[in-house]
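Remarks on the overall topology
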Amino acid sequence: MTPGRAGRLRTGPGLRLLLTVAVIGVVFLGVLPRVADYSDAWRLVRALTWPETLSLLVVATVNLLSYAPVWVAALPGLTWGRAVETDLASTAISNTVPAGFAFGVGATATMYHSFGHGPAAITRAVALTGIWNNLVKLAMPVAALVALAVTGHATRALAVTAVLGTGVLLLVVGALVAGLVHPGAAAALAATAERVARAAARQVRRPGPADWVARVDRVRADSLAVLRRRWAALTAAAVASHTALFLLLLTTLRFVDGAGAGVSWPQLLAVFAVTRLVTLVPVTPGALGVAELSYVAGLTTVGVDATAAAGVVLLFRFLTWFLPVPLGIGAWVLWRRGTGRADAPTPAAELSAR
């Protein structure tokens, strides 16, 4: 192997692929089989009644469609149908390709551009949806702690997690507000991030970023104009999307062998919140392996039998990780055939929607 190829393997797609395979293999072939028998977990899933199965499919469908309103709120002029089509396609890519999040963002930008939206508007929407999505994730441990305190189920471990989460949330919100309102603060944050990114790029012998200060200032001014009109809709849509995902987990827990009979919804919200934090950085496509391990560990901690926990998590992840893949492929095929495409950009529509 030549030094160049070895370097690419250590720092490029080869390393990401090896990391993905290693994590998935360790979790699904090493750790989870020691926790529960797959055949026993599958037996619990097969015991679901038809009404329970149909109910799960309805809740899963709502969850799949729940993120589209976030994009509609962040990108003026975007229709709900186009948002659903794009979200399904990008999710399928994110869930199956190493470093899939970046490819998913690229697919999103490409599809929105074909629908008539300009690059500046798309960049702004990607930034706003990402920020609001992560803000909700950071706020979840706080909400879980409040719910547990009210019901008398608070624990020291969750309290520590919630305090840390609150601190990070306040820092992020403070930086966000400063960056949006004060141009100097935005420039300072952008310059610092650019220096860090350049240092990281030098370590892997890649060209560093440039002109982040000017780009951030353009996005800041544009985003502030949109947020003045749409921050409430964006916040409500982001919270509703995470709520739909949590309700799907709660429904799955209640249906699989009555596994969640003794687990309160605040306890489950704590497990959900911690896992959302654990998967904040996508180590594997769609957090495959990482999310399953975190959910099973959390469910057994709050009293769910290990076999039932495995059954709940595997079914939940089938509905949230696997199901979007064939649906997303179908959405991508429809888009490739011209469904929803615009003949020309429509900046006037975007401006009037503000």
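Residues numbered from 1 in each chain as written. Predicted model: local features only at pLDDT ≥ 70, side-chain atom pairs only at ≥ 80, totals over all residues. Heavy atoms only, no water.

1. Description of the overall build of the chain
In terms of helices and strands, the chain carries 16 helices and 0 strands. The buried share of the chain, taken over its 354 residues, is 41%. Taking all contacts inside the chain whose residues are at least 6 apart in sequence as the whole, residues at least 24 apart take part in 72%. Looking at the chain as shown, the accessible area adds up to about 17,700 Å², and 69% of this sits on carbon and sulfur atoms. (Helix = DSSP H or I, 4+ residues; strand = E, 2+ residues; numbered from the N terminus. Buried < 20%, exposed > 50% of the residue type's maximum accessible area, 1.4 Å probe, protein only. Contact = heavy atoms within 4.5 Å. Areas by Shrake-Rupley, 256 points an atom, 1.4 Å probe, with all protein chains shown as cover.)

2. Let's talk about unusual backbone geometry
One non-glycine residue, A287, lies in positive phi territory at about 55°. When you line up the elements, A287 lands in the loop between α12 (265-278) and α13 (290-301). Judged by relative accessible area, A287 falls into the buried class, the value being 11%.

3. With respect to the packing of aromatic side chains
In this description, an aromatic ring pair is defined by two values, namely the gap between the centres and the angle between the planes. By the definition in use, this model includes 6 aromatic pairs. Relative to F115, the ring of Y112 has its centre 6.3 Å away and its plane inclined at 55°; by these criteria the two rings are tilted. Owing to a relative accessible area of 0%, Y112 belongs among the buried residues under this scheme. For F115, a relative accessible area of 1% corresponds to the buried category. (Phe/Tyr/Trp six-rings, centres within 6.5 Å; stacked < 30°, edge-to-face > 60°.)

4. Considerations on the nonpolar core
Nonpolar side chains tend to gather and get buried jointly when the protein is soluble and globular. Y112, L234, L268, F272, Y295 and L299 are the most contacted members of the largest nonpolar core, which has 70 residues in total. In terms of residue count, the dominant contributor to this core is helix α11 (residues 212-255) (11 residues). If we skip the residues at most four places from it in the chain, Y295 touches L249, V271, F272, T275, R276, V313 and F316. (Core = buried A, V, L, I, M, F, W, Y, C linked by side-chain atoms within 4.5 Å.)

5. Section: a nonpolar patch on the surface
There is a patch of nonpolar side chains on the surface, built from L19, L280, V281 and V283 and spanning about 320 Å² of accessible area. As for its placement among the helices and strands, L19 is situated in helix α2 (residues 13-35). (Patch = residues over 30% accessible without salt bridge, like charges linked within 9 Å, V, L, I, M, F, W, Y side chains within 5 Å. Salt bridge = Lys/Arg side-chain N within 4 Å of Asp/Glu carboxyl O.)

6. Section: the pattern of salt bridges
Inspection of every chain in the model, using the stated rule, returns 1 salt bridge. Between E292 and R317 there is a salt bridge, with its nearest N and O atoms 2.7 Å apart. Highlighted residues: E292 in helix α13 and R317 in helix α14 (residues 306-322), separated in sequence by 25 residues. Relative accessible area serves as the criterion here: at 10%, R317 is assigned to the buried category.

7. Examining α14
Its 17 residues give α14 an end-to-end C-alpha distance of 22 Å, which sits within 8% of 24 Å, the value for a rise of 1.5 Å per residue. Of all the 17 residues making up α14, 13 are buried; the element is thus mostly covered by neighbouring parts of the structure. The backbone nitrogen of T307 has a side-chain oxygen 3.0 Å away, supplied by the residue at the start of α14, namely D305. (Expected span 1.5 Å × (residues − 1). Polar contact = N/O pair within 3.5 Å; in protein donor to acceptor, adjacent residues only side chain to side chain.)

8. Notes on the confidence of the model for the chain
Chain-level statistics for the chain give a pLDDT mean of 82 and a share of 75% at 70 or above. Here residues 6-11 scores under 50 on pLDDT; set against residues more than four positions off or in separate chains, the count is 12 contacts. Across residues 343-354, confidence stays below pLDDT 50; counting only partners more than four residues off in sequence or on other chains, it has 16 contacts. (pLDDT = per-residue confidence, 0-100.)

9. Quick notes on the environment of Y38
Mapped onto the fold, Y38 is located in helix α3 (residues 38-46). Along the primary structure Y38 and F28 are separated by 10 residues, whereas in three dimensions their C-alpha atoms are 9.8 Å apart. If we skip the residues at most four places from it in the chain, Y38 touches V27, F28, L32, P33 and L314. Within the structure, Y38 has its side chain in polar contact with the backbone oxygen of F28 (distance 2.6 Å).

10. A look at the packing of helix α4 (residues 50-65) against α14
Here α4 crosses α14 at 45°, and the two axes come no closer than 10 Å. The orientation of α4 with respect to α14, classified from their angle, is oblique. Crossing handedness for the pair α4 and α14: right-handed. Residues L56, L57, A60, N63 and L64 of α4 form the contact with α14, whose own contacting residues are L315, L319 and T320. The class makeup of the residues in the contact of α4 with α14 is 6 nonpolar, 2 polar and no charged. (Axes fitted to C-alpha atoms, helices over the stretch in contact; angles between N-to-C directions. Parallel < 35°, antiparallel > 145°, perpendicular 65-115°, else oblique. Left-handed = near helix turned anticlockwise from the far one by under 90°. Nonpolar A, V, L, I, M, F, W, Y, C, P; charged D, E, K, R; others polar.)

11. Overview of the packing of α13 against α14
At a minimum axis distance of 9 Å, the contact between α13 and α14 shows a crossing angle of 140°. Seen along the crossing, α13 lies across α14 with a hand that is right-handed. Seen from α13, the contacting residues are A291, E292, Y295, V296, L299 and T300; seen from α14, they are A306, A309, A310, V312, V313, F316 and R317. Grouping the constituent residues of the contact of α13 with α14 by class yields 10 nonpolar, 1 polar and 2 charged.

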